Amino acid sequence: MTAQTTSLKITGMSCAGCVGRVERALQAVPGVAEASVNFANRTAQVTHEGPVADLTEATAKAGYPAELTEAVLDVEGLNCASCVGRVERALNAAPGVVEAQVNLANRSARVTYAVGATDPVALAAVSTAAGYAARPHAEAGDDAPAHDHAQAEIAELQRMTLFAAALALPVFVLEMGGHMIPAFHHWIAGTIGLHTSHLIQFALTTVLLFGPGRVFYARGIPALLRGAPDMNALVALGTGAAYGFSVVATFAPGLLPAGTANVYFEAAAVIVVLILLGRWLEARARGRTGAAIEALVGLQPRHARVERKGQAVEVDIADIQPGDTLIIRPGERIPADAVVLDGQSHVDESMITGEPVPVAKAAGDMLVGGTVNTAGALRARAEKVGADTVLAQIIRMVEQAQGAKLPIQSVVDRITLWFVPIVMAVAALTVLVWLAFGPSPALGHALVAGVAVLIIACPCAMGLATPTSIMVGTGRAAELGVLFRKGDALQRLQEAKVIAFDKTGTLTLGRPELTDLTPAQGFDRDTVLRLAAAVEAQSEHPIASAIARAAEGNVPAVDGFQSLTGLGARATVEGQDVLVGADRLFAREGIDLGPLADVGAAWAAEGKTPLYASVGGRAAAVLAVSDPVKSGTAEAIERFHQMGLTVAMITGDNTRTAQALAAKLGIDAVTAEVMPEGKVAALDALRADHGALAFVGDGINDAPALAHADTGIAVGTGTDVAIEAADVVLMSGDLRGVANALEVSRATMGNIRQNLGWAFGYNVLLIPVAAGVLYPFGGPMLSPVLAAGAMALSSVFVVSNALRLRRVRAALPAASRIRAADPLPVAAAAE
């Protein structure tokens, strides 16, 4: 490898000592000839022979990571897996590039590179120099989005296919009509003559090959000259051989052995038509693989009404600035993430939560860009705009997942690297064998077999097998409220044997609620709740807040409030002494709880927290407070068991509460009273016992476990830290989304295996048939025209099979929106 100099922007340096440590770390990397670090501008100049990834890994281990960024390129001319490998190799060899991944399905390259070492324009130039024209990807909303380029490609392929078919039809009728209908052959011979027929076929085929078919030669011949043949090279060789032989047979038949001067213009013409038809159908099908992204982009409004100098003016969505006051009328999409200033309305947030019922919004409430204001006018202050909105982040996550490579793809890449050269070698060997051992006319048989081998080989199907399934699968997951932040999580999630959950905020709502209330004999339930809530409204304790909320603001004034640390609270309410607290408070006060004590003990065994209330020195009621289980949690856990998974819970709560909840929900394994680092150890233990695992959490203290699990799943209602540490994000807090994520993961990987089985099986079985291995046993020779049809349909089959993932059904019905609190109604609970 030739030595190159790379400039890295180093972060974390604070003194001259840091400089020395970074230099030593870089100089220790094999292949580094020289490393010089500049503290003033925080850069390192490194002369090296190895990959840049080795340098960035070394600085990161030393505690001074290099600043990296990512560029996405739109790449033209990608037709098969061989093209993908060549572009990847060219980009990975470019200065400053850490990693490059090329996606055949969406014709893009995602490149991670060191800041300051290169830029997107330079990277596009590298791909272009390798024979595949590229440009930096246009962001959503730009003048020429990728969708428009895809539609233009489809339209161009349609035009070329129809033009080619119009030229090929007379050629096919003139030549093959005579073979199929002898009378037609004699009519041609007796009217215009066979030589004139061949001249007409020559003229039409020449126009076809150098018109609609020129793309194969314009790309295939340069690839051959570079020593990097691709799918276009195979088509160029195959059709070129058939055309060239036919030209000689037409204009200089004496140069060929007697009896071999046959023409194959119809083969060259129809091959081009069929391959163009296959690419047209493939492009149309491939366009549907990005339907999810198009739908998400379509949620972004193009314009918004903004207050400027006291007037409401309409501006382009790109002109909104944080802090702008938005005017949102009924029926309009909300243009940016915002907070309501005034007005009341209901907003349809189904795109985020899956909840079909609009959510009430008033002053102080948050609005998500792209959701729909259904009724009522709102004034709101823009908080996040453009690429910072929730919708933009969702689109970015889906695009990144769709462009990712799964571990299974590495096997495909190794095979396709040598696929086209091997096919060319097999075709050459086929021709030699037929010339040496074939029956007369050997040259004709050799030409037919050689061209058939070149044409029937289909690296396109192998290259499309994985990325098309990923695109459709991750898009369908987004429609079900599941975002795969990392594409390889698709493969890892379906390997999971155990699903582990955090408790608070994941299995439960995350804040205590009053779930039960039983009054003593002679006391009215509503009256006791009102008096107890009046006392607890003076406390800031979460349990006290739960009781106060249950009264829904219907609380009288209190006098002489007194907090009794560790026991409860007391106050005078409406002239009566009211006491609320634990059973030990009443034992201290000498108040007999009577039958209420047994009720409280039963609730405690269920994992609830019992509290008691007395009025005027008499026991009045027992109340139970707990963190309610989210709607759909029990249903989700039942589905996990049906999927053959072990379900575990890892929580910092006390063992008694955790065991009670586990028994209620049917959870198989419980680890309780653990700190955040203890969750990581618990995951290791579960992995050792059961195998690959996924962990579901929502809080900051879950981030280490999310990162440590084979697959980390963060609920979308959780913290940003948890979401950043996760591989998969649920857009709502409903755990039925985890079941949907598993369903999509399993369906997608099954689809990929089907595609790869077809792509490899097709080539392994049909290339020998095209070479003529069945002929000695009485089998047929495979016509190059049939070979072209089979090759075209192979790619279409793979893409069409991937599109079936758009019909993947949710493992469980769509979940309702999770409210901040969903307690058991007190009146019903007391029955």
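On a predicted model such as this, the values are computed, not experimentally measured, just so you know.

How each quantity is defined
Residues numbered from 1 in each chain as written. Predicted model: local features only at pLDDT ≥ 70, side-chain atom pairs only at ≥ 80, totals over all residues. Heavy atoms only, no water. Helix = DSSP H or I, 4+ residues; strand = E, 2+ residues; numbered from the N terminus. Buried < 20%, exposed > 50% of the residue type's maximum accessible area, 1.4 Å probe, protein only. Contact = heavy atoms within 4.5 Å. Areas by Shrake-Rupley, 256 points an atom, 1.4 Å probe, with all protein chains shown as cover. Patch = residues over 30% accessible without salt bridge, like charges linked within 9 Å, V, L, I, M, F, W, Y side chains within 5 Å. Salt bridge = Lys/Arg side-chain N within 4 Å of Asp/Glu carboxyl O. pLDDT = per-residue confidence, 0-100. Expected span 1.5 Å × (residues − 1). Arc of directions from axis to C-beta. Pairing = 2+ DSSP bridges. Axes fitted to C-alpha atoms, helices over the stretch in contact; angles between N-to-C directions. 1 Å grid on protein atoms, 1.4 Å probe; cavity = no way out; pocket = protein on both sides within 12 Å on 5 of 7 lines; lining within 4 Å. Points joined across faces, edges and corners; volume = space filled by probe spheres on them.

1. Considering the overall build of the protein
The helix and strand tally for the protein stands at 31 helices and 29 strands. A burial count over the protein gives 52% of its 831 residues as buried. Within the protein, contacts between residues at least 6 apart in sequence are counted, and of these 69% link residues at least 24 apart. Total accessible area on the protein stands at roughly 34,800 Å², and carbon and sulfur atoms take up 58% of it.

2. Focus on unusual backbone geometry
At Glu-574, a residue that is not glycine, the phi angle is positive and equals roughly 50 degrees. Topologically, Glu-574 is positioned in the loop between strand E21 (568-573) and strand E22 (576-581).

3. Thoughts on a nonpolar patch on the surface
On the surface, a cluster of nonpolar side chains totalling about 250 Å² of accessible area is made up of Leu-169, Phe-172 and Val-173. Within the secondary structure, Phe-172 is located in helix H5 (residues 146-180). Look at Phe-172 and you get partly exposed, because its relative accessible area is 31%.

4. With respect to the side chain of Ser-108
Tracing the backbone shows Ser-108 in strand E6 (residues 108-114). Leave out the neighbours within four places in its chain, and Ser-108 touches Val-72, Leu-73, Val-75, Gln-101, Val-102 and Asn-103.

5. Regarding the confidence of the model for the protein
Any residue range with low pLDDT should be treated as having predicted coordinates unsuitable for detailed reading. Mean pLDDT over the protein: 82, with 89% of residues reaching 70 or higher. Throughout residues 140-145 the model reports pLDDT below 50, and contacts reaching past four residues in sequence, or to other chains, amount to seven contacts. For residues 815-831, every residue scores under 50 in pLDDT, and the model assigns this stretch 43 contacts once sequence neighbours within four places are set aside.

6. A look at the pattern of salt bridges
Under the counting rule described, the total for this entry stands at 23 salt bridges. Note that Glu-479 and Arg-476 form a salt bridge whose closest N and O atoms lie 3.1 Å from each other. You can see Glu-479 and its partner Arg-476 sitting in helix H17 (residues 459-479), three residues apart, about one turn around the helix. The closest approach of N and O atoms between Arg-588 and Glu-589, which form a salt bridge, is 3.2 Å. Overall, Arg-588 belongs to the exposed group, its relative accessible area being 52%. For Glu-589, a relative accessible area of 31% puts it in the partly exposed group. Residues joined in a network through salt bridges with shared partners are Arg-570, Asp-577, Arg-588 and Glu-589.

7. Overview of helix H7 (residues 194-210)
For H7, spanning 17 residues, the distance from its first C-alpha to its last is 24 Å, which sits close to the expected 24 Å at 1.5 Å a residue. Buried residues of H7: Ser-197, His-198, Gln-201, Thr-205, Leu-208 and Leu-209, and no others. All buried residues of H7 project into a common sector of 95 degrees when viewed along the axis, lining one side.

8. Side note on the sheet that holds strand E5 (residues 97-103)
The strand order across the open sheet built from four strands is E5-E6-E4-E7, with neighbouring strands paired in antiparallel fashion. Edge strands, defined here as strands with exactly one partner in the open sheet, are E5 and strand E7 (134-136). The mean angle between the axes of side-by-side strands here comes to 25 degrees, regardless of whether they run parallel or antiparallel. Relative to E7, strand E4 (residues 68-75) is paired through three bridges, and the arrangement is antiparallel. In the strand pairing of E7, Leu-73 is matched with Pro-136.

9. Things to note about empty space enclosed by the protein
Enumeration according to the criterion identifies one cavity of 30 Å³ or more in this entry. The computed volume of the largest cavity comes to approximately 60 Å³. The wall of the largest cavity is formed by Ile-275, Gly-278, Arg-279, Glu-282, Cys-460, Met-791, Ala-792 and Ser-795. Every element with two or more residues in the lining of the largest cavity is listed here: helix H10 (265-289) and helix H30 (784-803).

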